[in-house]
Amino acid sequence: DTAVSQTPKYLVTQMGNDKSIKCEQNLGHDTMYWYKQDSKKFLKIMFSYNNKELIINETVPNRFSPKSPDKAHLNLHINSLELGDSAVYFCASTISGGLSTDTQYFGPGTRLTVL
Amino acid sequence: KQEVTQIPAALSVPEGENLVLNCSFTDSAIYNLQWFRQDPGKGLTSLLLIQSSQREQTSGRLNASLDKSSGRSTLYIAASQPGDSATYLCAVKAAGNKLTFGGGTRVLVKP
């Protein structure tokens, strides 16, 4: 049983297209995150949702729009894809996000390549 | 703004040698510090979590220390094995429930 799952695992698309990445967690966690890992392997947080409510929104182009239909799902929609969007996108979840004991559990990542 | 640095960026050791990985952070107002392992093409696996009130955590061959006042953490891996080859990332959690990651240390353990 996968705790945090993402689909698709690989995504290759043309510049200008719109695409979505889906994330689901079956851990019963309240808080979910999206991270971007660039070619230099730096992981940076993009968004965080707690119980379907946006609580973290880093400086991310508004072409990126997260959507949380319920607390077990956090999807990422990207409009007008650009070359610089090529990266690995990781979804993560944690129980509440507010405790010092909270461990974040990561999905396997989605490798996005924009041609 | 919190910044996390990991040195060295890459490390190669013969099997059996102990590994010492360093992590430093600029803002000591943290809730916790986590060490993760990332295998090529895979997600992150949490190894150890040290709360801000703790000095160290141990799990098997892994031991992580935390000196919050100096903004440093060290991950020790005893008697390294080829299976320990991976990238190790440290991350600190501060206000706003954000994890700030270091750039990682890529470890290669040679048989």
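Just so we're clear, the structure is a prediction, and the values are computed from it rather than from any experiment. (Residues numbered from 1 in each chain as written. Chains lettered and ligands numbered in written order. Predicted model: local features only at pLDDT ≥ 70, side-chain atom pairs only at ≥ 80, totals over all residues. Heavy atoms only, no water.)

## Focus: the overall build of chain B
As a reminder, the rule being used: Helix numbering and strand numbering both begin at the N terminus, where a helix is a DSSP run of H or I of at least 4 residues and a strand a DSSP run of E of at least 2. Here the globule rule is a power law, 2.2 Å times the number of residues to the power 0.38, and the radius of gyration is based on C-alpha atoms. Working rule for contacts: check all heavy atoms of both residues, and any pair within 4.5 Å makes them a contact. Only the protein chains shown count as cover for residues, and the accessible areas themselves come from Shrake-Rupley with a 1.4 Å probe. Counted as positive: Lys and Arg. Counted as negative: Asp and Glu, with His and the chain ends omitted from the count. For the purpose of locating charges, the reference atoms are NZ of Lys, CZ of Arg, CG of Asp and CD of Glu.
A count of helices and strands for chain B gives zero helices and 11 strands. Relative to the 2.2 N^0.38 estimate, which gives 13 Å for 111 residues, the radius of gyration of chain B is 13 Å and therefore close to what a compact globule would have. Projected onto its principal axes, the C-alpha positions of chain B cover 40 × 25 × 20 Å. The long-range fraction of contacts in chain B, counting pairs at least 24 apart against all pairs at least 6 apart in sequence, stands at 53%. Within the structure as shown, chain B displays about 5200 Å² of accessible surface, and the carbon and sulfur contribution to it stands at 48%. Within chain B, the 8 negative side-chain charges are centred at a point lying 6 Å from the centre of the 11 positive side-chain charges.

## What to know about the sheet that holds strand β6 (residues 56-59) of chain B
Residues and elements named next belong to chain B. Threshold: In this scheme, strands are said to pair when DSSP sees at least two bridges between them. As a rule, the C-alpha atoms of each element are fitted with a line to give its axis, helices using only the stretch in contact, and angles between N-to-C directions run from 0 to 180 degrees.
What the five strands build is an open sheet, ordered β1-β3-β8-β7-β6; its pairing is antiparallel. Unpaired on one side and paired on the other, β1 (4-7) and β6 mark the two borders of the sheet. Averaged over all neighbouring strand pairs, the angle between strand axes comes to 15 degrees, with direction disregarded. Looking at chain direction, β6 and strand β7 (residues 62-67) are connected through four bridges and run antiparallel. Looking at the pairing, Thr 58 lines up with Asn 63 of β7.

## Topic: the interface of chain B and chain A
Keep this limit in mind: Note on terms: buried area is the combined drop in 1.4 Å-probe accessible area of two parts once they are placed together, counting the loss on both. N or O atoms closer than or at 3.5 Å make up a polar contact, with two conditions inside protein: a donor-capable atom paired with an acceptor-capable one, and, for residues adjacent in sequence, both atoms drawn from side chains. Amino acid classes used here: Ala, Val, Leu, Ile, Met, Phe, Trp, Tyr, Cys and Pro are nonpolar; Asp, Glu, Lys and Arg are charged; the rest, including Gly, are polar.
With 21 residues of chain B in contact, the opposing surface of chain A contributes 22 residues. Carbon and sulfur atoms make up 52% of the surface buried where chain B meets chain A, a total of about 1700 Å² over both sides. Taken together, chain B and chain A are joined by one residue pair in polar contact (both at pLDDT 80 or more). Of all elements in the fold, only β4 (32-38), β5 (44-51), β9 (86-94) and β10 (98-101) of chain B reach the threshold of two or more residues within the side of chain B that touches chain A. Looking at the side of chain B that touches chain A residue by residue, the classes come out as seven nonpolar, 11 polar and three charged.

## Here's the deal with the pattern of salt bridges
Our working definition: A pair is scored as a salt bridge if a Lys or Arg side-chain nitrogen falls within 4 Å of a carboxyl oxygen belonging to Asp or Glu.
Taken as a whole and judged by the stated rule, the model has five salt bridges over all chains. Note that Arg37(B) is salt-bridged to Asp39(B), the shortest N-O span being 3.0 Å. Several salt bridges share partner residues, and in doing so they unite Arg63(A), Glu82(A) and Asp85(A) into one network.

## Here we look at the packing of aromatic side chains
Test applied: What counts as a ring pair is set by centres within 6.5 Å for rings of Phe, Tyr and Trp (its six-membered ring), and what kind of pair is set by the plane angle: stacked under 30 degrees, edge-to-face over 60, tilted for all other angles.
What the rule picks out here adds up to eight aromatic pairs over all chains. Pairwise contacts between aromatic rings join Tyr33(A), Tyr35(A), Phe90(A), Phe106(A), Phe36(B) and Phe101(B) into one cluster.

## Let's talk about the environment of His77(A)
All names here are of chain A. With respect to the helices, strands and loops of the structure, His 77 is situated in strand β8 (residues 73-78). Spatially, the C-alpha atoms of His 77 and Arg 63 are 8.0 Å apart, while their sequence positions differ by 14 residues. Leaving out residues up to four positions away in the same chain, His 77 has contacts with Asp 18, Lys 19, Ser 20, Arg 63, Phe 64 and Ser 65. At 3.5 Å, the side chain of His 77 forms a polar contact with the backbone oxygen of Lys 19. A distance of 2.5 Å separates the side chain of His 77 from the side chain of Ser 20, its partner in a polar contact.

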